[in-house]
Amino acid sequence: MNPLRQAMDRWLGRGEASITVPPMDGAFRPNDLLDSASTILQMPAPDCLAQTAQGVLVSAGRSLFSVGNPIGGGVWSFDAEIAAVTGLPDGGAAVGLVDGRIAFVGGRHGGSTIAASPEINCITALAPARDGALLVANGSASNGPADWKRDLMEKNASGSVWRIKPAGGSRALLAGDLAYPYGLLEEGESVIVSESWRSALTRIAPGAASRPETVLENLPAYPSRLSRGADGTIWLALFAPRSQLVEFILREDRYRRGMMRRIDPDHWVAPCLRTGLSPQEPTQQGSVKQLGVVKPWSPSRSYGLAACLDRAFLPTASFHSRANGQRHGVTSCLAIDGRLYFCAKGDGIVASLPYAGSAP
Amino acid sequence: MVAETLTRLRYRYVPDHLVGEVLGRRWMDNVIPVFLLVAVIAFLTGSIPNFLAAGNLADTSRQIGEFGLVVIGMTVVMLAGGIDLSVGSNFALANITALALINVAKWSVTASVAATLGVAGLVGLMNGLLIGYLRLRAFLTTLVTLTLIRAIVTFLLQQYQVQIASSDVDSEAWDFIGTGSVAGVPLSFAVLLVTAIAGHVILTRLRVGWRIMAVGGSRRSAYNAGIPVRRTVCLSYVVSGLLTGLAGTLYAARLSGAGPDTGLGLELAVVTAAVLGGNSVGGGRGSIGKAIVGAVIVSLLTNGVVRLGLQNGASAMVVGIVLLLAIAIDVRWNKWRGKLQAKVYVSPAYLALPPVPPIDSRSSSPYAMNDRLHDVEIIGLGEIDGPEDVILDEDDNLYCSVRQGDIIRFLAPDHKRREVYAHVGGRPLGMAFDKDGGLVVCIAGMGLYRVDSSRGIQKMTAETNRSRFSIIDDSRMRLADDLDIAADGKVYFSEATIRYGFEEWVVDSVEGRGNGRIIRYDPATGTTRTVLRHLLFANGICMAHDNRSLLFAETWGCRVSRYWLEGPKKGATEIVIANLPGYPDNINRGSRGAYWVALAGTRTPTYDLAMTMPAFRRRMARRVAGDEWMFPNVNTGCVVRFDESGRILESLWDLKGRNHPAITSMREHRGHLYLGGVTNNRIGRIGIPDADPEWTGPASYWGDRR
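In this convention, every chain numbers its residues from 1, walking through the sequence in written order. Working convention: letters from A go to chains and numbers from 1 go to ligands, in the order in which they are written. Residues qualify for local features only when their pLDDT is at least 70, as the model is predicted, and side-chain atom pairs are given and counted only at 80 or more; totals for whole chains, interfaces and linings, by contrast, use all residues.

Asker: Help me understand the interface of chain A and chain B in this model?
Answerer: A common way to express how large an interface is: the accessible area buried when the components associate. Facing 30 residues of chain A, the contacting portion of chain B comprises 31 residues. Throughout this entry, Asp, Glu, Lys and Arg are counted as charged residues, while Ala, Val, Leu, Ile, Met, Phe, Trp, Tyr, Cys and Pro are counted as nonpolar. The remaining residues, Gly among them, count as polar. Class assignment of the residues belonging to the side of chain A that touches chain B gives a composition of 13 nonpolar, 12 polar and 5 charged. When strand β20 (residues 283-284) of chain A meets strand β22 (residues 630-631) of chain B, the two strands line up antiparallel, connected through 2 bridges. If you follow A:Gln284 over to β22(B), its bridge partner there is B:Met630. Contacts are defined on C-beta atoms placed from the backbone: any two residues whose C-beta positions lie within 7 Å are in contact. Whether two strands pair comes down to DSSP finding at least two bridges between them. Strands are runs of DSSP state E lasting at least two residues, helices are runs of H or I lasting at least four, and both sets are numbered from the N terminus onward.

Here it is as structure tokens:
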């Protein structure tokens, strides 16, 4: 890139320096469907959903809970926080822990654990592959899953996707230099990855020679986990909205560095799973309460959003919890028997709603 | 740290904000024409020897005198929204009329001049009647007049040309008009100067001038405002005709010759001059000064082209090209200037706030967050829009100032019944009761007003002394915010910012410059004086309990200061609370010698950091949509009680912001605190356990003085 052009762009706010954010329109037209969903569980920070022989499980903190049977308490507990979980074809589940270990519960490999490795220290998503292997998304080479805000603010693209054999634990790198891979889905021979910081879905084809190919880009929010329903529809959770202000901050290196150095990450100008927890959080002009009401269209650093994609990975429908909603920070969603299960991590809710009629 | 210091000094001493202010001034319209004038003079002086010699100047200035008169006439027509193409023919008609009367009919000079002016004025009147009253198109009508009058001139030429040329006039007065000078200034130039000054006074100071400008600016609005549009338009053409007649007479006396090419193409040169000077083709915008500058440029150019020895016709070509340029600039200038001004007007400054005190609910800080405002009693929910200030009278009636320009009163004792106490207009903000029970109100966009006890509304003041070097007119009050009344009756009130109106007050937060001030109004003498300047959004004002000083809040500075009105420190300012955890709004007295200050919002570390990076905020203001701007957190507020020394006694928060997200005002009254918010739709009332249950504001101020 021409350095002169870059300097010009920065000065005039064009090209690379422009801070345009795709509008919530078309398939992303706002609605209040997530807020109308019926609550199943309320717990602190439910993070990831998985379908297993035990029914739908949700990870929160160090435990896996059964969504269908809330009274039962924790189904499994671990000695470290759970970073991601996925159901396996044999009815078991693979659980990624924040320290990089992967534990198996139920199913063929139940009870076994794959030890942590230096390359995989930020597990963000897991998915089963057809050949019995496990796909692992490593969000960042330098930050753990709890430091995702820092990873965004450092503008990293150091994530990677791995294929790991459950028996033996041998691993192979499928792709590197990804901007925070946060969701995985096997699609035929290739793997679809949601790259949060690029707001895009990327296809990783087999064979190291082929470069990752973008299948969906310019999402209005940061994408998270992917899942496939029994009817073949693909579901994408989007955990936080993009905003002009954050895009602007990402282009203001001096301010961003000062912010990272001096300020608590909870108070950064950055997307988050739930806004308004502290009066020291940044505010935007449009989100000032008027006559005691937060307007649903006001700019917000958190949002609830899940999208339905067709087989070509184009969005066809979306489910929202707007600025004034109470289902923010959706990190995972699953479609089972005509109902969409989702966990709103920011608001500590697992809920479900029928999606027939809202999505094809 | 060095970089930090450099940034601080850079933003302290480089007045960025002046660029936007200069662009906003009307006299900026003159910059390009004046620059062009200087360039033309420099070029001609450089390329023509003796261009500035006395003889040449005298000759040129006579031509400028005649030409300038016509340009003034054209400017008046253009200001009223029209155009007069008939000036060229009218000029020729005046010329031949004057010559025929003097040379052939042997009329006296006075009679001839009067008759000539009459004839030319009649042509103008004809235009005026057709365009003003019959509402024909100015362009086509005057084009027709141009042809008709030219035909008459041709006819007259055939009749009298030979006679005029062969006769001789023996009149000193006539010679004086043609070649005389007044105090060394050629007569025609002197006439131009007198006309220009008179024209300027009429256009800018007299009713008829304002009407002309108004009609040109917006014909429909002028009509709706009751201005006789038709008469005004007609009048502008008469003025143009008369001035053209005057110019024609001067020309006749100077050259004593009539030919078919007299005044030919004059209209084009005149329009060029008027537009080049900066007068808008569309009307409503322009001045006599601009006309003169334009006239001088065009005269010098046409003259210079002749003297440069360019080919015949080159002069017309130069005028044509210049006209094209002038019109292009006229059209682009307004848009371009508006855009540029919008871009550069917001000019953030460097502001490093002191460290924020802890507000964590577990800390022992007096600001520790709590939910004491959770259980407020709600008054008027949904019935009021934005009670910025609340106040109670001695009979416990509750007053608030709302967005619709009303003072709403909730009647004692239960404050359930509501009435519009007074409709004052504007955006009423701070309020205070004076000694006679009158309610003095600061109204954004209007100034300081008073509602007396029989609900009559009087203006107290809307204008203060203008500061010497300010570019924007800071004598008018744009955002009078809060006030208090001293024991001697003088009213001290704050104007939050002189650069923005109420609707844009948030933009001032991005600037973080000392744009605010405190003004004193003395009802005894009717004088208004600015007392303190360069305050960071001057907001709450409160007289100290002993009336010897006043406390004022600076919102963006997150501090409360004291200004001494008497005693040894008279005139001095000292900081009372240096680092509040939020943005202070109104300050009011409380019982037992305490004061209350409302914090409209909480300081956020990210915004504090941004305040030390002006360039960052400037880019934000330019690139990020207004709704997305980073902003002080005004969704969580509190009220703070402090004593005379500035020690914090307690703070009351509404943590969830359910009832009182932003608190802009509070009043203590008989053991209760009443809360208002500029973006809220309710008033809150909460008991204060340790307050004096008998204490009221009016008694505290005036109890022993009534």
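Asker: How should the packing of helix α13 (residues 266-276) of chain B against helix α14 (residues 288-307) of chain B be read in this particular structure?
Answerer: Packed helix pairs are specified by the crossing angle of their axes together with the interaxial distance, meaning the distance between the axes. Residue and element names in this part refer to chain B. Running from N to C, α13 and α14 cross one another at 130°; their axes reach a closest spacing of 7 Å. With respect to their mutual orientation, α13 and α14 come out oblique. The two elements α13 and α14 meet at a crossing, and its hand is right-handed. Of α14, the residues touching α13 (which contributes Ala269, Thr272, Ala273, Ala274 and Leu276) are Ala291, Gly294, Ala295, Ile297, Val298 and Thr302. A per-class count over the contact of α13 with α14 returns 8 nonpolar, 3 polar and no charged. Here an axis means a line fitted to C-alpha atoms, over the contact stretch when the element is a helix, while the angle between two N-to-C directions is reported on a 0 to 180 degree scale. Just so you know how the angles are binned, under 35 degrees is roughly parallel, over 145 roughly antiparallel, 65 to 115 roughly perpendicular, and the rest oblique. Helix crossings fall into two classes, left-handed where the near helix is turned counterclockwise from the far one by less than a right angle and right-handed where it is turned clockwise.

Asker: Sorry if this is basic, but what is going on with the sheet that holds strand β22 (residues 315-321) of chain A here?
Answerer: Hydrogen bonds between backbone groups are what pair the strands of a sheet, and the pairing can be parallel or antiparallel. Residues and elements named next belong to chain A. Sheet architecture is open: 4 strands sit in the order β18-β19-β21-β22, paired in antiparallel fashion. Every interior strand has two partners, whereas the edge strands, β18 (221-228) and β22, have only one. Direction aside, neighbouring strands of the sheet carry axes that sit 20° apart on average. Looking at chain direction, β18 and strand β19 (residues 234-241) are connected through 6 bridges and run antiparallel. Looking at the pairing, arginine 228 lines up with isoleucine 234 of β19.

Asker: When you look at the sheet that holds strand β15 (residues 190-195) of chain A in this model, what are you seeing that I'm missing?
Answerer: Residues and elements named next belong to chain A. Across the sheet, which stays open at both edges, the 4 strands sit in the order β14-β15-β16-β17 with antiparallel pairing between neighbours. Of all the strands in the sheet, the pair left with one neighbour each is β14 (181-187) and β17 (213-216). Strand-to-strand twist in this sheet, taken as the mean axis angle between neighbours without regard to direction, amounts to 30°. Across 3 bridges, strand β16 (residues 200-204) lies against β17 in antiparallel orientation.

Asker: What exactly am I supposed to notice about α13(B) here?
Answerer: All names here are of chain B. Whether a residue is buried, exposed or partly exposed follows from its count of other C-beta atoms within 10 Å of its own C-beta, namely 20 or more, 12 or fewer, or something in between, respectively; the C-beta atoms are built from the backbone. Burial of α13 is extensive: 10 of the 11 residues sit out of reach of the surface. Residues Leu266, Glu267, Ala269, Val270, Val271, Thr272, Ala273, Ala274, Val275 and Leu276 constitute the buried set of α13. Where α13 terminates, the next one or two residues include glycine 278, which has phi positive at roughly 115°.

Asker: Before we go on, may I ask you to explain the domain arrangement of chain B in this structure?
Answerer: Domain delimitation follows an automatic or database domain assignment. Domain assignment breaks chain B into domain 1 (19-342) and domain 2 (372-462 + 472-702). Using C-alpha coordinates to define each centre, domain 1 of chain B is positioned 56 Å away from domain 2 of chain B.

Asker: It is not clear to me how the pairing of strand β7 (residues 93-97) of chain A should be interpreted in this structure. Could you clarify?
Answerer: Looking down a regular strand, the side chains alternate between one sheet face and the other. All names here are of chain A. Of all 5 residues in β7, 5 are buried; the element is thus mostly enclosed. Both faces of β7 are covered, namely the face carrying Ala93, Val95 and Leu97 and the face carrying Ala94 and Gly96. Of the pairings in the sheet, the one linking strand β6 (residues 82-87) to β7 comprises 5 bridges and is antiparallel in character. Along β7, the bridge assignment pairs alanine 84 with glycine 96. Once β6 ends, the chain turns through 5 residues before running back antiparallel as β7, passing glycine 91 with a positive phi of about 95°.

Asker: What am I meant to see in the pairing of strand β8 (residues 427-433) of chain B here?
Answerer: Residues and elements named next belong to chain B. Of all 7 residues making up β8, 7 are buried, and the element is well covered by its neighbours. For β8 and strand β9 (residues 439-444), the ladder comprises 5 bridges, and the chain directions are antiparallel. Within β9, the position partnered with arginine 427 by the bridge is alanine 444. Where β8 folds back on β9, the antiparallel hairpin that results is connected by 5 residues, among which glycine 437 adopts a positive phi of roughly 80°.

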